[in-house]
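Examining the three-dimensional arrangement
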Amino acid sequence: MTRLGRFRQPSVIPGFGLTFGFTLTYFSLIILVPLVALVLRSTGLGWNGFWAAALDPRVLAALRTSFVTALIAAGVNVVFGTLIAWVLVRYRFPGRRIFDAMVDLPFALPTAVAGIALTAIYAPNGFIGQIAAQFGIRIAYTPIGITIAMIFIGLPFVVRTIQPILEETSKEVEEASATLGANRFQTISRVLLPSLTPAILTGFALAFARAVGEYGSVIFIAGNIPFVSEIAPLLIVIRLEEFNYAGAAVIATVMLAISFAMLFVLNLIQAWSRRRYGYGS
Amino acid sequence: MEVRVQNVRKEFDRFPALHDVSLDIASGELIALLGPSGSGKTTLLRLIAGLERPTAGKIFFGAEDASEKNVQERNIGFVFQHYALFRHMTILENVSFGLEVRPRATRPAKAEIRRRARELLDLVQLSGLEKRYPSQLSGGQRQRVALARALAIEPRVLLLDEPFGALDAQVRRELRKWLREIHDRTGHTTVFVTHDQEEALELADRLCVMSQGKIEQVGTPDSVYDHPQSPFVFGFIGESSTLPVTVERGDLWLGDRPLGVSGVEGNGPAQLYFRPHDIELVEADAALRGVVASSRRVGGTRRVELELGGSAHRVEIDLPFDHPAGERSQISFRPKRWKLFPAV
């Protein structure tokens with residue numbers, strides 16, 4: 001308690017001890033304890049057993065599929081999510097509110113329903129799948145299909161993080177850029193986008209994290225062919241069905257480590273840019 | 001660069017913001033667009049800048065018709081009320097921006113851009129802060145950066161939209177003096193918008209008083225203050241008191257009481273305007289006589305509110321704060337300088 005006391009500043013904001021204690025307890029119960037249990041479970045195999053399970057070629061292929069498709073999907077979402085946020089904030093057009101509400105649908109829809117709908121469209125006999133098939137492109141049952149499902153579920157994260165920042169960035173800044181002689185392209189590339197960078201990074205991180213963990217919508221469209229279109233979360237479920245709990249925990253631990261490392265780096269970049277730009281002031 | 005605004009009209013969604021406004025701005029002058037909110041002053045400034053297009057009418061820069069040119073081609077410097085600095089750029093990058101975005105053919109070399117930006121930061125007394133970000137500066141400093149940024153492109157006209165509106169009184173006064181100095185040194189044709197009459201009177205070579213989308217009066221601060229051409233201008237610029245009077249045989253009457261002011265032209269009812277400090281206290285009967293309703297000291301003067309004609313009218317007059325009349329319950333006075341407008 002004396003060590004805690006040092007952080008304790010005299011303050012009119014009430015209840016530091018109570019709220020801080022509650023936060024720690026809650027955080028431990030909800031996040032820390034399950035994750036620690038997961039890691040402990042995976043260590044049950046021993047050092048060699050752990051690496052044998054983690055470096056299994058099928059596991060590596062599944063991890064690669066998961067992270068590569070998630071990165072691509074987050075990248076695509078950043079580009080088009082930013083565009084959508086910009087249109088929704090800067091322009092007034094009939095039906096704007098409906099579009100605005102529709103952005104949230106991937107949040108609300110049960111992911112399995114989304115997966116079935118996407119598969120129906122992109123399967124070789126589906127509406128878009130047919131057209132793609134004529135060009136010799138298969139979408140469903142390949143990493144392309146996985147990426148599309150991940151784009152679908154990740155879009156609202158990007159739009160909803162960029163929208164408020166864009167609303168806060170006054171039109172005057174764009175006008176100032178124009179009065180200084182910048183053309184539209186220069187205004188967007190040198191003024192608008194750089195000032196959105198922190199928000200874009202946050203949106204990217206959220207969309208990426210969601211895509212890596214996504215299960216329901218992906219497994220329908222992925223076809224789940226080992227070494228081709230099998231994602232890591234599915235492999236975990238397969239291991240569980242084989243009653244290979246330790247094996248499942250190993251894959252989960254590796255996913256956890258990679259995700260945590262990536263999100264941590266993104267957070268560092270954000271903290272750095274926030275300090276630089278005096279974010280929000 | 002002279003700027004000529006010719007019969008400009010502007011409507012927003014059919015709602016008229018400016019009615020047929022014409023204004024000639026001389027080269028090198030510092031002119032203030034002054035008016036209450038909604039008078040159309042900012043709209044006029046944005047039309048000159050090219051940030052808005054006029055519904056009708058033309059705007060000339062010198063002999064050249066600028067109406068069809070867009071904001072980039074007009075080469076103006078614009079300073080916004082809330083600075084509109086680029087927050088992801090350092091101060092130096094902000095000031096350099098206008099030169100950096102020029103097409104390659106007219107863009108100075110990198111070292112030259114740096115040199116000019118530093119020179120401007122020196123002019124606005126911010127040397128040493130080149131590497132800071134806008135969020136690390138105070139409001140007054142930010143506005144000076146905004147001015148340096150606008151000056152960097154060597155604008156033909158400098159336009160300022162309530163440049164000191166977001167700053168506190170002390171900083172405002174400092175920046176006002178400082179802007180005047182910069183203007184005298186650089187000689188840019190400058191138009192600035194303000195709703196603060198004190199600012200306009202102190203800073204501008206000429207005032208353009210606006211109300212409800214129209215120009216009420218244009219002139220030097222002294223001529224607008226001393227010879228207001230309309231009741232609106234009289235009421236808006238400086239303090240004013242007003243009384244409904246009657247003109248009869250060259251004398252002014254308030255009801256059945258003569259004001260002791262003679263040699264007035266015209267006949268019938270009129271509205272009398274005078275400044276609270278342009279009065280003299282008299283003992284004669286032929287004067288305005290009022291009961292003191294309230295009296296409060298404001299710095300070096302005492303402002304007395306008087307009820308005239310049995311509380312039908314209230315006027316304010318100013319006395320030196322230590323004047324013995326301030327203690328009385330009744331005061332007789334006569335306006336020294338005044339103006340009559342048709343009765344409302």
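See the structure shown above.
Now for a description of the structure that goes with this document. (Residues numbered from 1 in each chain as written. Chains lettered and ligands numbered in written order. Predicted model: local features only at pLDDT ≥ 70, side-chain atom pairs only at ≥ 80, totals over all residues.)

**Topic: the overall build of chain B**
- Helix and strand counts for chain B stand at nine helices and 20 strands.
- Across the 344 residues in chain B, those meeting the buried criterion constitute 41%.
- Within chain B, contacts between residues separated by at least 24 positions form 65% of all contacts whose residues are at least 6 apart in sequence. (Helix = DSSP H or I, 4+ residues; strand = E, 2+ residues; numbered from the N terminus. Buried ≥ 20, exposed ≤ 12 C-beta atoms within 10 Å, placed from the backbone. Contact = placed C-beta atoms within 7 Å.)

**Let's talk about the interface of chain B and chain A**
- The interface is formed by 21 residues belonging to chain B together with 20 residues belonging to chain A.
- Of all elements in the fold, only α2 (71-74), β6 (76-79) and α3 (91-100) of chain B reach the threshold of two or more residues within the side of chain B that touches chain A.
- Among the residues forming the side of chain B that touches chain A, the class breakdown is 12 nonpolar, six polar and three charged. (Nonpolar A, V, L, I, M, F, W, Y, C, P; charged D, E, K, R; others polar.)

**Notes on the nonpolar core**
- If you look at the biggest cluster of nonpolar residues, it comprises 157 residues, and the most contacted ones within it are B:A32, B:I48, B:L159 and B:C208.
- The element contributing the most residues to this core is helix α9 (residues 143-168) of chain A, with 13 residues.
- Setting aside chain neighbours within four positions, we find B:C208 in contact with B:L23, B:I31, B:A32, B:L33, B:L34, B:I215 and B:V218. (Core = buried A, V, L, I, M, F, W, Y, C linked by C-beta atoms within 7 Å.)

**Let's talk about unusual backbone geometry**
Residues and elements named next belong to chain B.
- If you check the backbone angles, A84 has positive phi at about 50° while not being a glycine.
- Take A84: there are 25 C-beta atoms within 10 Å of it, and that puts it in the buried class.
- For R249, which is not glycine, the phi dihedral falls at a positive 45°.
- For R249, the location among the structural elements is in the loop between β11 (241-248) and β12 (251-254).
- Of the residues examined, R249 has 8 C-beta atoms within 10 Å and is grouped as exposed.

**Looking at the packing of helix α10 (residues 171-179) of chain A against helix α11 (residues 184-213) of chain A**
All names here are of chain A.
- Packing of α10 against α11 leaves a shortest axis separation of 10 Å and a crossing angle of 135°. The angle between α10 and α11 falls in the class oblique. For the pair α10 and α11, the crossing hand works out as right-handed. Of the residues in α11, those in contact with V173, E174, S177 and A178 of α10 are T187, V191 and L192.
- Among the residues making up the contact of α10 with α11, the classes are represented as four nonpolar, two polar and one charged. (Axes fitted to C-alpha atoms, helices over the stretch in contact; angles between N-to-C directions. Parallel < 35°, antiparallel > 145°, perpendicular 65-115°, else oblique. Left-handed = near helix turned anticlockwise from the far one by under 90°.)

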